[in-house]
Amino acid sequence: MSDGINHHREGLTTSHHDWTMLQVGKLVENQPIVIIDANSSVEDASEVLLKQGVSSAPIYDSGRKMFVGMFDYSDLMTYILLVLKKMEVPLDDQTMEMRDLIQKTNRSQNVPVKLVSDLSGNDPFCTVLAETKLGGVVNDFGSGIHRVAVMDSQGNMTGVLTQSLTLDYLMRHLSEFPQLQPVMQKGLQQLGLTNIKVLSVTGETQVLEALITMSTHGVSSLAVVNDQGALLGNISMADVQHIMKDLRTSWLWLSCFQFVSKVRLTRGVETGEDQYPVLDVNAKSTFGYTLSKLQATKVHRLWVINDTNHVVGVVSLTDVFKVLGGYIDS
Amino acid sequence: MVLDLDACIESLFQRQLLAESVIKEICEKTKELLMSESNVVHIKAPVTVVGDIHGQFYDLLEIFKIGGYCPDTNYLFLGDYVDRGLYSVETISILTCLKLRYPDRVQLVRGNHESRAVTSTYGFYTECMKKYGTSDVWHYFTDLFDYLTLSVVIDNMIFCVHGGLSPSIHTIDQIKVIDRFKEIPHEGPMADLVWSDPDPGREEFAVSPRGAGYTFGSMVVEKFLHENRMDHILRAHQLCMEGFQVLFDDQLSTVWSAPNYCYRCGNLASILEIGVEGERHFNVFEAAPENERPTPAEAQRTLFSNGVPTGLFSNGGSNGAGVGGGGLNGSNGAMTFAGGASGSNGGIDPVQDTIHYFL
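Every value quoted in this text rests on a predicted model; they were computed, and no experiment measured them.

> How would you sum up the overall build of chain B? Please name residues and give values.
Helix and strand counts for chain B stand at 12 helices and 17 strands. Across the 359 residues that make up chain B, the buried fraction comes to 61%. Contacts spanning at least 24 positions in sequence make up 70% of the contacts within chain B whose residues lie at least 6 apart. For chain B, the computed accessible surface area is about 13000 Å², with 51% contributed by carbon and sulfur atoms.

> Break down the pattern of salt bridges for me, citing the residues and quoting the values.
All names here are of chain B. Tallied over the entire structure, the rule returns 23 salt bridges over all chains. Between K29 and E25 there is a salt bridge; the shortest N-O distance is 2.5 Å. Here E25 and K29 lie together in helix α2 (residues 20-35), a separation of 4 residues that amounts to about one turn. Judged by relative accessible area, which is 36%, K29 ranks as partly exposed. Of the charged contacts in the structure, one is a salt bridge between D199 and R202, with a shortest N-O distance of 3.4 Å. Taking relative accessible area as the criterion, D199 reaches 23% and is therefore assigned partly exposed.

> Run through the sheet that holds strand β4 (residues 75-77) of chain B, naming residues and quoting values.
All names here are of chain B. The strand order β5-β4-β3-β14-β15 describes an open sheet built from 5 strands, whose pairing is mixed. The two strands at the open ends of the sheet, each matched to only one other strand, are β5 (106-108) and β15 (280-285). Direction aside, neighbouring strands of the sheet carry axes that sit 20 degrees apart on average. In the packing of helix α4 (residues 88-101) onto the sheet, contacts are made with β4 and β5, and the angle to β5 comes to roughly 130 degrees.

> How would you explain unusual backbone geometry if you had to name every residue and give the values?
With glycine set apart, most residues show a phi of negative sign, and most peptide bonds adopt trans. All names here are of chain B. A cis amide bond links A45 with the next residue in sequence, P46, at an omega value of 5 degrees. In this structure, P46 sits in the loop between β2 (40-43) and β3 (47-50). For the bond running from C70 to P71, omega is -5 degrees, close enough to zero to count as cis. Examined against the element boundaries, P71 turns out to sit in the loop between α3 (57-67) and β4.

> Explain the sheet that holds strand β10 (residues 214-216) of chain B to me, using residue names and the numbers behind them.
Residue and element names in this part refer to chain B. Spatially, 3 strands are ordered β8-β10-β9 in an open sheet, and the strand pairing comes out mixed. In this open sheet, the two edge strands, each paired with only one partner strand, are β8 (197-198) and β9 (206-207). Pairing between β8 and β10: 2 bridges, direction parallel. Each residue of the ladder has a partner; that of D197, found in β10, is T215.

> I'd love a proper account of the environment of T205 of chain A, names of residues and values included.
Residues and elements named next belong to chain A. Along the chain, T205 falls in the loop between β7 (200-202) and α8 (207-217). Classification of T205 by relative accessible area gives buried; the value is 14%. In this structure the C-alpha to C-alpha distance between T205 and L222, which are 17 residues apart in sequence, comes to 11 Å. If near-sequence neighbours (up to four positions away) are discounted, T205 is found in contact with A210, L254, S255 and C256. Among the polar contacts listed, one links the side chain of T205 to the backbone oxygen of T202, at a separation of 3.0 Å.

> I'd love a proper account of the environment of E222 of chain B, names of residues and values included.
The residue E222 of chain B is located in helix α10 (residues 218-227) in this model. Taking the C-alpha atoms as reference, E222 of chain B lies 9.9 Å from L252 of chain B; in sequence the two are 30 residues apart.

> I'd like a description of the UniProt feature "domain: Serine/threonine specific protein phosphatases" (unreviewed entry) in chain B, backed by residues and values.
The feature "domain: Serine/threonine specific protein phosphatases" (unreviewed entry), as annotated in UniProt, sits at residues 109-114 of chain B in this numbering. Structurally, residues 109-114 of chain B is divided into 0% helix and 0% strand, and its ends, taken at the C-alpha atoms, are 9 Å apart.

> How would you sum up the side chain of S253 of chain B? Please name residues and give values.
All names here are of chain B. Tracing the backbone shows S253 in strand β13 (residues 252-255). With relative accessibility at 1%, the residue S253 sits in the buried group. Within the structure, S253 has its side chain in polar contact with the side chain of H232 (distance 2.5 Å). Excluding residues that lie within four positions of it along the chain, S253 makes contacts with H232, I233, L234, R235, Q245, V246 and F282.

> Could you give an account of the interface of chain B and chain A, naming the residues involved and the relevant values?
The interface of chain B with chain A comprises 40 residues on the first partner and 37 residues on the second. Taken together, both faces of the contact between chain B and chain A bury some 3500 Å²; the carbon and sulfur share is 56%. With its nearest N and O atoms 4.0 Å apart, the salt bridge here joins E273 of chain A to R210 of chain B. Where chain B packs against chain A, one counts 15 residue pairs in polar contact (both at pLDDT 80 or more). Listing elements by their share of the side of chain B that touches chain A, those giving two or more residues are α5 (116-121) and α12 (350-358) of chain B. Residue contributions to the side of chain B that touches chain A peak at 4 residues, all from α5 of chain B. Residue composition of the side of chain B that touches chain A, grouped by class: 21 nonpolar, 12 polar and 7 charged.

> Quick one: what's the story with the pairing of strand β12 (residues 311-316) of chain A, residue by residue and with numbers?
Residue and element names in this part refer to chain A. Burial analysis of β12 places 5 of its 6 residues in the buried class, which makes it a mostly covered element. Of the pairings in the sheet, the one linking strand β11 (residues 301-305) to β12 comprises 5 bridges and is antiparallel in character. Within β12, the residue paired with L302 across the bridge is V315. Hairpin connection of β11 to β12: 5 residues between the antiparallel strands, including N309 at a positive phi of 65 degrees.

> Before we move on, can you summarise the environment of V299 of chain A with the specific residues and values?
All names here are of chain A. When you line up the elements, V299 lands in the loop between α11 (287-297) and β11. The spacing of V299 and C126 is 173 residues in sequence and 22 Å in space, taken between C-alpha atoms. The contacts of V299, once residues within four sequence positions are left out, are L279, L294 and L317.

> So, a negative patch on the surface: which residues are in play, and what are the values?
Taken together, the side chains of E203, E204, E222 and D249 of chain B present a region of like negative charge at the surface. Positionally, E204 of chain B belongs in the loop between β8 and β9.

> Residues and numbers for the confidence of the model for chain B, please.
Detail in the predicted coordinates should be disregarded across regions flagged by low pLDDT. The predicted model of chain B has a mean per-residue pLDDT of 85, with 80% of residues at 70 or higher. Overall fold confidence for the complex sits at a pTM of 0.84, while the interface term, ipTM, reaches 0.82.

> Just give me the short version of the packing of aromatic side chains, but keep the residues and values in it.
All names here are of chain B. Scanning all chains against the criterion turns up 21 aromatic pairs over all chains. Between F13 and Y69 the ring centres are 6.0 Å apart and the planes differ by 65 degrees, which places this aromatic pair in the edge-to-face class. Here F13, found in helix α1 (residues 5-13), pairs with Y69, found in the loop between α3 and β4; they are 56 residues apart in sequence, far enough to count as distant. Taking the relative accessible area as the measure of exposure, F13 reaches 24% and is therefore partly exposed. Look at Y69 and you get partly exposed, because its relative accessible area is 41%. Look at Y75 and F77: their rings are 5.5 Å apart centre to centre, the planes differ by 20 degrees, and that puts the pair in the stacked class.

> Please give an account of the nonpolar core that cites residues and values.
Core analysis: the largest hydrophobic core is formed by 86 residues, its most contacted members being L134, L161, F287, L294 and L324 of chain A together with F159 of chain B. Sequence-distant contacts of L324 of chain A, defined by excluding residues within four places in its chain, comprise W19, V138, L170, L180, V183 and F287 of chain A. Counting residues in hydrophobic clusters, the runner-up holds 53 residues, among them V22, Y81, L95 and Y140 of chain B.

Reading the values: the criteria
Residues numbered from 1 in each chain as written. Chains lettered and ligands numbered in written order. Predicted model: local features only at pLDDT ≥ 70, side-chain atom pairs only at ≥ 80, totals over all residues. Heavy atoms only, no water. Helix = DSSP H or I, 4+ residues; strand = E, 2+ residues; numbered from the N terminus. Buried < 20%, exposed > 50% of the residue type's maximum accessible area, 1.4 Å probe, protein only. Contact = heavy atoms within 4.5 Å. Areas by Shrake-Rupley, 256 points an atom, 1.4 Å probe, with all protein chains shown as cover. Salt bridge = Lys/Arg side-chain N within 4 Å of Asp/Glu carboxyl O. Pairing = 2+ DSSP bridges. Axes fitted to C-alpha atoms, helices over the stretch in contact; angles between N-to-C directions. Polar contact = N/O pair within 3.5 Å; in protein donor to acceptor, adjacent residues only side chain to side chain. UniProt positions renumbered as here; feature names shortened; annotations may be inferred. Buried area = accessible area lost by both parts, 1.4 Å probe. Nonpolar A, V, L, I, M, F, W, Y, C, P; charged D, E, K, R; others polar. Patch = residues over 30% accessible without salt bridge, like charges linked within 9 Å, V, L, I, M, F, W, Y side chains within 5 Å. Lys, Arg positive; Asp, Glu negative; His and termini not counted. Charge placed at Lys NZ, Arg CZ, Asp CG, Glu CD. pLDDT = per-residue confidence, 0-100. Phe/Tyr/Trp six-rings, centres within 6.5 Å; stacked < 30°, edge-to-face > 60°. Core = buried A, V, L, I, M, F, W, Y, C linked by side-chain atoms within 4.5 Å.

If you want it as structure tokens, here you go:
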């Protein structure tokens, strides 16, 4: 079968679980804990994300002995836009931390990351107990929460459960969850994941403009298209990490086309393997194939294209869990 | 026009570019030649097999020094002639001329970089714009790429392809019926042949982390070789620090021919010499010595074979950017990029220069 799923024959000792009953603590077992100090600078905090290869980390305030929030690329992007004075936040909407942050950036002071924590407002800090069943968390994932911090009964953090990690676990243990087979066979069209208007920018658009668009619309990535509307590439908030690396802020003024090029060139050398220019999936693909590709490429969304390479939809990790969540009750 | 291929080849060995009209002509003639090639070309040993070159022209010259010059040595090139290196244009020009001049002694297989989508962002497009001022040469070559064969079989025993295997392809005959005369699709057997990678940790196919093609394991390799009555798969596509890699109990090898990849990976490279009896020998080599390479300044100064300078120092159509800076020469609506950190002339960081050279 060429749908990308490993169709193993079941051994006699394979156990069958209900995937919704998995305890979340199990999925984050042995996870190395990455924590950011609340008083480290935003630049240092970005370094941590980059070095650890994660897209978010909890912030710990050793003075108050507690976790004060999460720091992720979305927050970083919002911070950059504020620093560049590209974002106006009405006075009423400014929380005390934000006001503090804006004042500091106005005076170009070194900004401690605790002020940038959860700045984007997109992904508030959520905690769950290790015994919580996955079925419960899936609904959160399906409504746009990208990760939850898993705590033990003493209030210690045992790990961070992300949408990516959950998908990877489910795909690796797929043979143990036969109840997932039916949804895997469904086509993307059947699941309503094609025929969606997606936000895009042309290759000419400046990176900074693209970031502002993402921020304004509350999306984490944009399709980069050529002047015929065909998919050229992708720009996402996580790409912001490349700007923070060595503080290459001049990259903000590149066109998206040039930026995408630069990112690809660097990545290919580091891994010795070039990636396909665009990460997409054909509208006629199955849900299962799409999940395999999301898992293999480790991206957070795949653009859905038709036979003329035009974008007709998008499947993000949030969409994946929305679909899976819909199957729990049936 | 009367094409003097020997003169063209001679100029290219001197790293002089061919005029645009000459490129157009050789591409037209080579397409005619390639049109009659099957998707699976059968050849006999002895032959020397070359992996990814990626525009590293000086290392291609090393390959000829080590492996012998055409037509004394038969060559099989496994693709990825362009992108990333500084001399993709010279590299593909000379290989095209050699194919046209010695069609039975030179085989060119298509790699995943022989594609419009990939060359747009990995360097070849920009290099063409810089050296010729327009995108015509890029169009001539990318149209030519559509004609390159997909695979070669040596002595009915060794299956040679750029990337690897496909879940849609079980026999050689299935490759023969593919319509290859087009841009490499996103999915399907043609994409798989140029994008797939072996995975020694697996037995079957799995979706590739590259976003195209598949990874394939031991059982897939055994089954393919058995079904097609062959004993070895030879491919390129993945960087090998030692220049080559042998997997699956000597049923599959990867040959990689770009030493010190991107002028910074520090890897070795190799060419695979296959003898008359089918003996396989990996001839490993390092990057061409520093004193035989041009300085960054010299690299920018390219000449056409009629002596007219091109690129930054040409008379017409140049953006006039200084040495070491980069400017897009009118492609994509004239976004001139001021070179950020590496704008200085003194900094000899080949990687930064490479990246800024192209953008």
